[in-house]
Amino acid sequence: MKYFGTDGIRGVPNKKLTIDLVSKIGMSLSLLNNKDVVIATDTRISKDMLAYAITGACLSRGLNVHFAGVIPTPALIYYSYIKGYTGVMITASHNPYTDNGIKILNQGFKLKESEEALLEEFINNPTNYEGEVGKFIIEHNAKQEYLNFLNQHIKQTNLKIAIDCANGATFETANYAFSQVTNNLIVIANQPNGYNINNNCGSTHLDSLKKTVLENHCDLGFAFDGDGDRVLCVDHMGKVIDGDMLIYLLACYLKSKNKLNQNTVVLSMMSNLGLIAKFKDLGIDVIETQVGDKYVIQTLNERQLSIGGENSGHIIIPEILHTGDGVLNALLVVGLLSETNTKLIDWFKDVHMYADLMVNLKVENKEKVLNNSKLFNRAEEIKKELNQDCKIIIRASGTEELIRVSVMAKTKEMVKKYSDELVTLVRESL
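For the structure given in this document, a descriptive report is provided here. (Residues numbered from 1 in each chain as written. Predicted model: local features only at pLDDT ≥ 70, side-chain atom pairs only at ≥ 80, totals over all residues. Heavy atoms only, no water.)

## Comments concerning the environment of K155
And step 1. Along the chain, K155 falls in the loop between α5 (141-151) and β8 (161-164).
And step 2. Each C-alpha atom of the pair K155 and L331 lies 7.7 Å from the other, and the pair is 176 residues apart in sequence.
And step 3. Once residues lying within four places of it in the same chain are set aside, the contact partners of K155 are V181, V334, G335 and E339. (Helix = DSSP H or I, 4+ residues; strand = E, 2+ residues; numbered from the N terminus. Contact = heavy atoms within 4.5 Å.)

Here's what the structure looks like:
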């Protein structure tokens, strides 16, 4: 679509995300046939400009705006679901502070393509409105309702835990939740200033968390992304436990409790071949979807399955919450380890992960790269050379002006060799 990408509308404020565009987006929400809109943000400096532009536009169309301030995306999703409101989250997730975006929910669920098309038609051709204006309400209940929800999944432990809040939307909620879990808590990157969200911290930059865990002899650490719907983990040795591995851990636990519906998990096409092989050994089937948590959620719902997610840290357990929630899933992992009296390392002793590497390349014309037949022909040749025992994925980012080149194979040497070759071909096509 013209405006909506894989996860809402994203861009640079005052460039793509102009006040004019954002105002039209706000006015278009009247088409969702809901009188109430709850708006929340992460911690970017541009959040107020965008939030107030949308607020004014909604009020001008007779919609009541409940302004919830800084809370994580899953908190907004949860609250808009239980209240039946339209939801608007101002965030660019794991992107740097210079970006921002708008995620729109209809009663707690991401928009269908038909709804996105309806809004886009209005944005392109807005209509006049001369009715009464709506009410503006400072919404204090959204954060508390979410914390009450998290409280149901808190199990106290003696584990020493570090959390990295990415200087983002979880800086208060994660701190609160984990302070109820353990008296041995270390919190980093929880001093947002508008500019430091995801800046060498959070789930996309794990070095600070690794260092904190090792220097303070923690049992484990968790890192969230800017809007709180992802989580990655670090064990006591500083080893990264990515989203795939956390799904494996939780799926094995669910299977042991006879709660893994149809003995099936949902992963994205980026998921590790070694992990998929281990699932097969355990009698657990894997369905792979396109990249994007909305595709995982769609498959989970269609097949009525128990768990799915992406290696980036989106993990969805529909029986508990119908969206990825980094803090919630971190709490579930801690509860699992406490209940089973195990360490993270105990769960992965027999899992042999393939080496992988993803290179992000800034481009001005993504279509030009995607139409480079020489690049994709070489990718197919490499697959044949490795007897299909690999994954090669070349795709455009749905949220940034990037081409992502991902290579997965049995050895780091293979991955490096073929990744370098493909990256060179991408650069030649620019």
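## Considerations on the sheet that holds strand β12 (residues 240-241)
And step 1. Read across the open sheet, the five strands follow the order β9-β8-β10-β11-β12; overall the sheet is mixed. On the outer flanks of this sheet lie β9 (185-188) and β12, each paired with one strand and no other.
And step 2. Sheet topology note: the β8/strand β10 (residues 220-224) ladder contains four bridges and is parallel. Its bridge partner being in β10, I161 is matched across the sheet by L220.
And step 3. Sheet contacts for helix α6 (residues 173-181): β8, β9 and β10; angle to β8, the most-contacted strand, approximately 175°. (Pairing = 2+ DSSP bridges. Axes fitted to C-alpha atoms, helices over the stretch in contact; angles between N-to-C directions.)

## Some words on the packing of aromatic side chains
And step 1. In this structure the tally under the stated criterion is ten aromatic pairs.
And step 2. Plain terms: the ring middles of Y146 and F149 are 6.4 Å apart, the flat faces sit at 35° to each other, and that makes the pair tilted. In this pair, Y146 and F149 are both assigned in helix α5, three residues apart and thus about one turn of the helix distant. Across the pair, exposure class does not vary: Y146 and F149 are buried alike. (Phe/Tyr/Trp six-rings, centres within 6.5 Å; stacked < 30°, edge-to-face > 60°. Buried < 20%, exposed > 50% of the residue type's maximum accessible area, 1.4 Å probe, protein only.)

## With respect to the nonpolar core
And step 1. Formed by 68 residues in total, the largest nonpolar core has its most connected members in F178, F222 and I307.
And step 2. Looking at this core, the element that brings in the most residues is helix α8 (residues 243-256), giving ten residues.
And step 3. Not counting residues within four places of it along the chain, the set of residues in contact with F178 comprises I161, I163, L185, F222, F224, V327, A330, L331 and V334.
And step 4. Formed by 27 residues, the second largest nonpolar core is a distinct cluster that contains L17, L63, V65 and I123. (Core = buried A, V, L, I, M, F, W, Y, C linked by side-chain atoms within 4.5 Å.)

## A look at helix α10 (residues 293-303)
And step 1. Of all the residues in α10, the buried ones are D293, V296, I297, T299 and L300. What you see down the axis of α10 is that its buried residues fit within an arc of 165°, all on one side.
And step 2. Structurally, α10 contributes buried residues whose contacts are with β6 (109-110), β13 (264-268), β14 (285-289), β15 (308-309) and β16 (315-316).
And step 3. In the segment just after α10, Q304 is the residue with positive phi, at about 55°. (Arc of directions from axis to C-beta.)

## Some thoughts on helix α9 (residues 273-281)
And step 1. Taken as a whole, α9 has its buried residues at G274, L275, I276, K278 and F279.
And step 2. Close packing links the buried residues of α9 with α8, β13, β14 and β18 (391-396).
And step 3. Capping the start of α9, N272 holds a side-chain oxygen 2.8 Å from the backbone nitrogen of G274, two or three residues further along.
And step 4. Immediately beyond the C-terminal end of α9, within one or two residues, lies G283, with a positive phi of roughly 75°. (Polar contact = N/O pair within 3.5 Å; in protein donor to acceptor, adjacent residues only side chain to side chain.)

## Examining the sheet that holds strand β17 (residues 355-362)
And step 1. With antiparallel pairing, three strands are arranged side by side in an open sheet as β17-β19-β18. Strand pairing shows two members of the sheet lacking a second neighbour, β17 and β18, which therefore form its edges. Neighbour-to-neighbour, the strand axes of the sheet open up by a mean angle of 10°, direction not taken into account.
And step 2. Pairing geometry for β18 and strand β19 (residues 402-409), over six bridges, is antiparallel. Within the sheet, the bridge partner assigned to A396 lies in β19 and is I403.

## Quick notes on the state of the cysteines
And step 1. Taken as a whole and judged by the stated rule, the model has zero disulfides.
And step 2. Considering cysteine sulfurs only, C165 is the nearest to C201, which forms no disulfide, with 9.4 Å between them.
And step 3. Note on C252: no disulfide assigned, nearest cysteine sulfur contributed by C233 at a separation of 15 Å.
And step 4. Its relative accessible area of 14% is what places C252 among the buried residues. (Disulfide = S-S within 2.5 Å.)

Just distances and angles here, no functional claims.
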